[in-house]
Amino acid sequence: MGASDMGESDFGGSISATAALFADATRAAVCDALMDGCAWTPGELRQAAGVSAPAMSACLERLETAGAVRSVRQGRHRYVMLASDRVASVVEFLGNVSGEPPAKPIGYRQVQSDQRLRAARTCYSHIAGGLGVAIAEAMVKRSLLVAADESFSLSGEGESWFRSNGIVQGHTLRTPHVRACLDWTQRRMHLAGSYGTALCSYLISTGALRRTQPRRALAVTEAGKEWLRNQLGLDIDTV
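Residues numbered from 1 in each chain as written. Predicted model: local features only at pLDDT ≥ 70, side-chain atom pairs only at ≥ 80, totals over all residues. Heavy atoms only, no water.

What follows is about unusual backbone geometry. A positive phi angle is found at Ser-143, which is not glycine, with a value near 65°. Inspection of the secondary structure puts Ser-143 in the loop between α7 (129–141) and β5 (145–148). Given a relative accessible area of 41%, Ser-143 falls into the partly exposed group. At Glu-150, a position not held by glycine, the phi torsion is positive, near 55°. Residue placement: Glu-150 occurs in the loop between β5 and β6 (151–154). Overall, Glu-150 belongs to the exposed group, its relative accessible area being 67%. (Helix = DSSP H or I, 4+ residues; strand = E, 2+ residues; numbered from the N terminus. Buried < 20%, exposed > 50% of the residue type's maximum accessible area, 1.4 Å probe, protein only.)

Spelled out as structure tokens, the structure:
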């Protein structure tokens, strides 16, 4: 039975079950790769994790049965993605509490990749890295968000800002609308929740941000710099 046949509540039925699921290095590597919010093929995940095809097949079966990932088929191809924001939150949290810093990059390309991820990246479906933290702090400074006890809440002015800019449309979005997510590279909070996801999607769709290499990395375009300056008083060149 695949994850699409299971309810989200089936994921992590107990603390021990959830811990056991991520205790395996291959399963952890797969979930970490899927934190870019994109769909990967089993072959791509196999290469990323450095394991054999049978090992990856067993890994994905275990994750899908647990409800941590889901797969979709398009023609002859199978694509895998994280099952939900809830799973992504667990993966991000484990990365924060592990206490193990990222491996020191070796070589020019790895150093450049590491710098890009620290500067701006997706954390599943929202903006993380230095850019994500800077956006959240600018929104607090402009009273769009209220920060208290390592959490965010949306002000009335913030609600109006999201809607007047066309970032959030319609009457309902899943809750929580905003959530503070501890950034593993900055050790400060960036914006998550459904409004954080909507902001990321909006900035990518309008060309303010574009996806780049390595996977998960984001680049701010000139149009994006202007938007951030006009809307949030944020000078991206100083972030």
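Having seen the model, we can carry on.
As a further point, take the pattern of salt bridges. What the rule picks out here adds up to 5 salt bridges. Across the pair Asp-183 and Arg-121 runs a salt bridge whose closest N-O atoms are separated by 3.2 Å. With Asp-183 in the loop between β7 (179–182) and β8 (189–192) and Arg-121 in strand β3 (residues 121–123), the pair connects residues that are 62 residues apart, well separated along the chain. Judged by its relative accessible area of 0%, Asp-183 falls in the buried class. Judged by its relative accessible area of 0%, Arg-121 falls in the buried class. (Salt bridge = Lys/Arg side-chain N within 4 Å of Asp/Glu carboxyl O.)

By size, the foremost hydrophobic cluster in this structure holds 33 residues, and its most contacted members are Ile-135, Met-139, Trp-161, Phe-162, Ile-167 and Leu-232. Going through the elements one at a time, α7, α8 (156–164), β8, α9 (193–205) and α10 (222–232) are the ones with two or more residues in this core. Dropping the residues within four chain positions of it, Leu-232 is found in contact with Ile-135, Ala-138, Met-139, Arg-142, Leu-144, Trp-161 and Trp-227. Within the second largest apolar cluster, 27 residues are counted, among which are Met-35, Leu-45, Leu-60 and Val-69. (Core = buried A, V, L, I, M, F, W, Y, C linked by side-chain atoms within 4.5 Å. Contact = heavy atoms within 4.5 Å.)

Attention now moves to the pairing of strand β1 (residues 69–74). Across 6 bridges, β1 lies against strand β2 (residues 77–82) in antiparallel orientation. Among the inter-strand pairings, Arg-70 is bridged to a residue of β2, identified as Met-81. Hairpin connection of β1 to β2: 2 residues between the antiparallel strands, including Gly-75 at a positive phi of 65°. (Pairing = 2+ DSSP bridges.)

Glancing now at the packing of helix α2 (residues 25–33) against helix α4 (residues 53–66). The packing of two helices is summarised by the inter-axis angle and the distance between the axes. α4 packs onto α2 with a crossing angle of 70° between their chain directions and a minimal axis gap of 10 Å. As judged from the angle between their axes, α2 and α4 are roughly perpendicular. Residues Thr-26, Arg-27, Val-30 and Cys-31 of α2 form the contact with α4, whose participating residues are Met-56, Cys-59, Leu-60, Arg-62 and Leu-63. The residue inventory of the contact of α2 with α4, partitioned by class, reads 6 nonpolar, 1 polar and 2 charged. (Axes fitted to C-alpha atoms, helices over the stretch in contact; angles between N-to-C directions. Parallel < 35°, antiparallel > 145°, perpendicular 65-115°, else oblique. Nonpolar A, V, L, I, M, F, W, Y, C, P; charged D, E, K, R; others polar.)

Turning to the packing of aromatic side chains, a few remarks are in order. As enumerated under the stated definition, the model contains 4 aromatic pairs in all. Linked through ring pairs, Trp-161, Phe-162, Tyr-195, Tyr-202 and Trp-227 together constitute an aromatic cluster. (Phe/Tyr/Trp six-rings, centres within 6.5 Å; stacked < 30°, edge-to-face > 60°.)

Here we take up the environment of Ala-55. Structurally, Ala-55 can be placed in helix α4. Under the relative-accessibility criterion, Ala-55 is labelled partly exposed at 33%. Taking the C-alpha atoms as reference, Ala-55 lies 8.6 Å from Thr-26; in sequence the two are 29 residues apart.

For α8, the set of buried residues is Gly-158, Trp-161 and Phe-162. Considered in projection along α8, the buried side chains sweep an arc of 95° and stay on one side of the axis. Opposite the buried face of α8, by more than 90 degrees, sit the exposed residues Gly-156 and Ser-164. Once α8 ends, the next one or two residues include Gly-166, with phi positive near 75°. (Arc of directions from axis to C-beta.)

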